[in-house]
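Residue strings, one per chain:
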Amino acid sequence: MENNENKCENGQKEQDHQIDYRRDREWLEKPKHIFILSEAGKPIYTFHGSEDKLASLFGVMQALVSFVQQNDDGITAIFAEGYKIVFLVRNSLILVATSRTNCSTHQMQTQLSYLYNQILSTLTYSRVNRSFEKRKNFDLRILLSGSERIIDNFLVHDNSVRKVTNDVFSNLTNSISIMKIPITDRNNIVSSIQSSCSKIKDLIFAILLAKNQLISLVRLKNQTLHPVDLKLIFNLIDCSESFKSTESWVPICLPKFDMNGFMYAYITYLSEDCEACLILMSSDCEAFSVLKEAKSKITDKLRRNNCFNAINQEIFSNGYNLDALNIPEMVHFVYKPKGIYQIICSEIKPPYTSVSEFKKLEGIYFDLYRKIHKPHAPLKLIYEVRESEAALAWVTTTHELYAVFQPTVEKNDVIMLVDKLFKAIAKDNDNLFIKNHPYF
Amino acid sequence: MDSHYLELLDDHIRFVAVSSLTNVFFDESNKQIFAVRTGGGGTIGVNVKGPSKDSVINFFLDDTGTIRSIKFSPDNEILAVQRHEHSVEFILFKDTQQTNRNRGDIFRYNTKSSTIHGFVWVSKRECAVISNSSVELFTINAEKKQIKSLKSLNIGIKWFAWYSEGNMALVSTTDGALFPVLISQKVITKLPKLDIGSNVEVPERDVTLGQLYGTSAILILQQTSNRLVEIVVYLLNGAGLAPRKSHVIRLGSIGRFAINIIDNLIIVHHQTSQTSMLFDISLSKEVVNEITYHNAIIPGRSIKPFALKLPSLSLDEKSVNCELYSKNWVLFQPNIVIDAQLGCMWYLNLKLDPLTILIADKVRLTEFLLQRSEGKVVLLKVLKNLVTDPVNGSLLTSLESIFDRINSIYSSWNQYEVQSQTAQPINLKLNQKNILSPPKSKVIINQNDMCLQVFNNLEDKPQAEDILMVYLQSLSKHQISAQDEISKMISKELIRNENYKTLEMLVEFSLICETKVMACFLLSYSKLNPIINQTALDMLKKISANEIIVEVLLEIGHVIDALRIARTLPNSDNISARKYLEAAQKNGDPNIFHNVFKFFQQRNLKQRGKVDFLKQEQCNEFVEHYETLFNSLNC
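Residues numbered from 1 in each chain as written. Chains lettered and ligands numbered in written order. Predicted model: local features only at pLDDT ≥ 70, side-chain atom pairs only at ≥ 80, totals over all residues.

**Examining the interface of chain B and chain A**
Taken together, the 15 residues of chain B in the interface contact 11 residues of chain A. Secondary structure elements with two or more residues in the side of chain B that touches chain A: α12 (559-568), α14 (590-608) and α15 (620-634) of chain B. For the side of chain B that touches chain A, the element with the highest residue contribution is α14(B), accounting for 8 residues. Looking at the side of chain B that touches chain A residue by residue, the class counts come to 7 nonpolar, 5 polar and 3 charged. (Contact = placed C-beta atoms within 7 Å. Helix = DSSP H or I, 4+ residues; strand = E, 2+ residues; numbered from the N terminus. Nonpolar A, V, L, I, M, F, W, Y, C, P; charged D, E, K, R; others polar.)

**A word on the nonpolar core**
Core analysis: the largest hydrophobic core is formed by 161 residues, its most contacted members being B:A128, B:V559 and B:V596. Ranked by residues supplied to this core, first place goes to helix α6 (residues 464-477) of chain B with 7 residues. (Core = buried A, V, L, I, M, F, W, Y, C linked by C-beta atoms within 7 Å. Buried ≥ 20, exposed ≤ 12 C-beta atoms within 10 Å, placed from the backbone.)

**Comments concerning the pairing of strand β8 (residues 78-84) of chain B**
Residues and elements named next belong to chain B. Where burial is concerned, most of β8 is hidden: 5 out of the 7 residues are buried. Connecting strand β7 (residues 69-72) to the antiparallel partner β8 that follows it, the hairpin turn spans 5 residues, and N76 within it adopts a positive phi of roughly 60 degrees. Inspection of the sheet shows β8 paired to strand β9 (residues 87-92) by 5 bridges, in the antiparallel sense. Following the sheet pairing, I78 is matched in β9 by L92. Turn length for the β8-β9 hairpin, with the two strands adjacent in sequence and antiparallel, is 2 residues. (Pairing = 2+ DSSP bridges.)

**A look at the confidence of the model for chain B**
On average, residues of chain B carry a pLDDT of 81, and 91% of them reach 70 or more. For the stretch residues 429-433 of chain B, pLDDT sits under 50, and the model shows 1 contact to residues farther than four places along the chain or on other chains. (pLDDT = per-residue confidence, 0-100.)

**Some thoughts on the sheet that holds strand β4 (residues 32-38) of chain B**
Residues and elements named next belong to chain B. Here we have 4 strands laid out as an open sheet, ordered β3-β4-β5-β6, and antiparallel in their pairing. In this open sheet, the two edge strands, each paired with only one partner strand, are β3 (22-27) and β6 (56-62). Ignoring strand direction, the axes of neighbouring strands in this sheet form an average angle of 20 degrees. Summarising the sheet, β4 and strand β5 (residues 43-49) pair through 6 bridges and their orientation is antiparallel. Bridge pairing in β5 places R37 opposite G45. (Axes fitted to C-alpha atoms, helices over the stretch in contact; angles between N-to-C directions.)

**So, the environment of A:W394**
Residue and element names in this part refer to chain A. As for its position among the elements, W394 is in strand β15 (residues 390-395). Overall, the presence of 18 C-beta atoms within 10 Å leaves W394 in the partly exposed class. In this structure the C-alpha to C-alpha distance between W394 and Y369, which are 25 residues apart in sequence, comes to 9.8 Å. If sequence neighbours within four positions are ignored, W394 has contacts with L381 and L401.

**Some details on the sheet that holds strand β5 (residues 93-99) of chain A**
Residues and elements named next belong to chain A. A sheet is described by the order of its strands in space; here 5 strands give the open sequence β2-β1-β5-β4-β3, paired in antiparallel fashion. Each having just a single partner strand, β2 (43-46) and β3 (77-80) make up the two edges of the open sheet. Recorded for the sheet is a direction-independent mean angle of 15 degrees between the axes of neighbouring strands. Of the pairings in the sheet, the one linking strand β1 (residues 32-38) to β5 comprises 7 bridges and is antiparallel in character. If you follow S38 over to β5, its bridge partner there is L93. Across the face of the sheet, helix α4 (residues 105-123) comes into contact with β1, β3, β4 (83-90) and β5 while running at roughly 40 degrees to β4.

Pasting the structure below:
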């Protein structure tokens, strides 16, 4: 980074006063930076600090990209001692990530493309295009103002800076978490939604989620909701406390569904005594009152069918309990069946309950994931005995498992314990995962 | 320092000098000097001295003719005297204090016609008589006063020489050929003749018999075509002990020479120049047609002047310098110098100390000293001076060669010892070639000698590490495993120079000794650098000292690693929870404490069905510590 900055000092007159990030140790030593700029080099977003004060740095990034483009080529990444710079160029936007962690280039690119989708979800593809067509050095921040918060939230989750939560692992594995609900209860929930919504015109998706975990998704016949889009919705819900107090009517673009058009989402929490969030998505911008009506019907039916209890029970539980399964030597795991973008994680228990220890756990999983999914040399099984834990990554034709064990565990026991876990998951499979999202 | 490397020992023997009345005989076998005085009254007074100053025998014999040769049996009980060409008398001498002999104690051996050249004692009761026609071996029965012929060898003999230690005679036949003849108890063996090459007859005085490095040797002085004198050395090591022309010693000058053999060194005295030269057939030299050609190790030097104290009544003793290399000198093997005119017999002594300076090439000096019977002390001193001298530029390369010489002998000794201590199956067909003989070298310098007497002052000197490493390398080159002492020395130096990487390598390749003691020694330095600690652990692992490893790991706070190893040990069910929990608490990492705590909880569960600790395990404080660490966080 420093080299680049030297260049800009030579090239451009320094932009006067206040904090100079290029000399700010704290800013420089952040493990991760994200920058978004226009093709013209206009700053749009930075994760740390204020983009206005980094104009010269943005200029360098733009220069790097356009220099490589001149040769009909594209820049992907720059590797330097101890850190990595990854580029993603999409639709007049340049997204840049730098990392001092051991994230792979692929992981960082995935992350950048999520951010790109995040921008599209507020503006749509065509609107971004139109803006830049009109004026090359258009300041996209004018249109984006207010939605930086959503981007921030995504990044915070993506790399748990403050929180001890399993959400980070769903980002890692490009999946969503499913709330564990007994299949009969889930069927009841689905049928409650189906019966309340089947007659509503233009209703495309009905989503029920809690604690960043999916409870159910009901869809219009032949329409699918891409996990990327679903994740954008999850992120939107997660970062907005205001949804809890009022019902909202939000236009949203789901880039994988239709990158040029808006959908309208009716977002509301079910009730005071059940903090699950219901999202009803319609292509009709006038459907608010219809959907509001449907929501109260759903709430009634759920309450009547005792579904609130089933949901609450899971909201207040800490997650999949390994001690209850009599697998105490396993400290944590992430399990992902092949073919569906869904995972379950076990409860986070000591010693990983503190932020610093949890970061270590996260580091282990990032490391394992990177190693086992190496693009040119994927592995099937990794077993590592580390200083204070044993770690396992195992990819088979039917599932992926990432697990951490107590350091004193023996290899033979690990096989036995994993076997035990697989049996338990197989037994519980219907409650843990959703095989098919039903239609209205 | 005194640069004379040869001296006449003070411990000399005086005897009555040769005169018109006195004849002196020397018996090489017993190293006795016989001073025979023809007195009046038909008796002969005999005064016998030697081999040491104090052994003196005096007696009288009847004067029945001039004595030609006189020798005691090895036990001094029978005296053999030759006075005539055809007979030898034997006189019983049971009591040496008895001065007069009875006629009855005398019996004789007579030949019919042949002329007796001389006789030799082969053992206490066996005597061989060499005449101009035969070698005859007799046994003598003292009680019955009988002489019985055991063996005889018919051969025309002009002269003979005898070497008693080797039981070997060299006889010159009437046609000038030289034959070694072995005469031992009851057996006479004639060996193949010497290949002299020229037709020149060898006179008796040019022949020296002796032993070099355990092999009987015949040394013959010869003049080369350019009149320079050389010594041809025949060793009896050919097939069937056949003499083999093995070495030629180039003296490089003319004149008269005499030879002594001391400590397997051939010492050649040159009368003209009054110097003595030193030759060692074991030192490597140029070899032509399997014959090794030697030059003097160092230029000739004279024997140290010797002052003979004259008997005097006054207190201030007068002394007179003896003439060295005198014409009156007669030399006998191995190291005897007799001046018959002066009446004095000396033992010649080789001093090694001056040689350490005279032989400048230290590698050659080492080779030389390794072969000397008294070489060890001297060599150790030389080495010590060498390693403590900081300004020697070519030090390491020559040290490497020196260490290699020393260790090659050390290693062959080791192998010999191992073999001699290894039990062999009785029915094993012994392959002669596989049986090692003990190394011939006189000096064995092992690691302990080096550590205690050579490297002991080396500590903290800048060259110490290099020298010790060269020594270690030489040890390993010769398949000798380093022992405690040297290993410690090297480790100390490496640690002092902070050369931890090398230390690590030494342990990795097992070049220093691997014992618990050694590992603990390393551990005592572990505060200096973690690598030392790891190195010690590596060593402990190699010798499977797992209990110690556990303690070490606990000490440095690697509680999990300690626990992992402890689990593999026998009796792992009973490891003390308190010990590990205490170490984990001290470590401060909550993750580690958690894991250790959980481990013991699960152990409790397996053993007793409950996670709780027993009262006697005294783990309450750790349970509380766990609660404060984790359960409060959970709330």
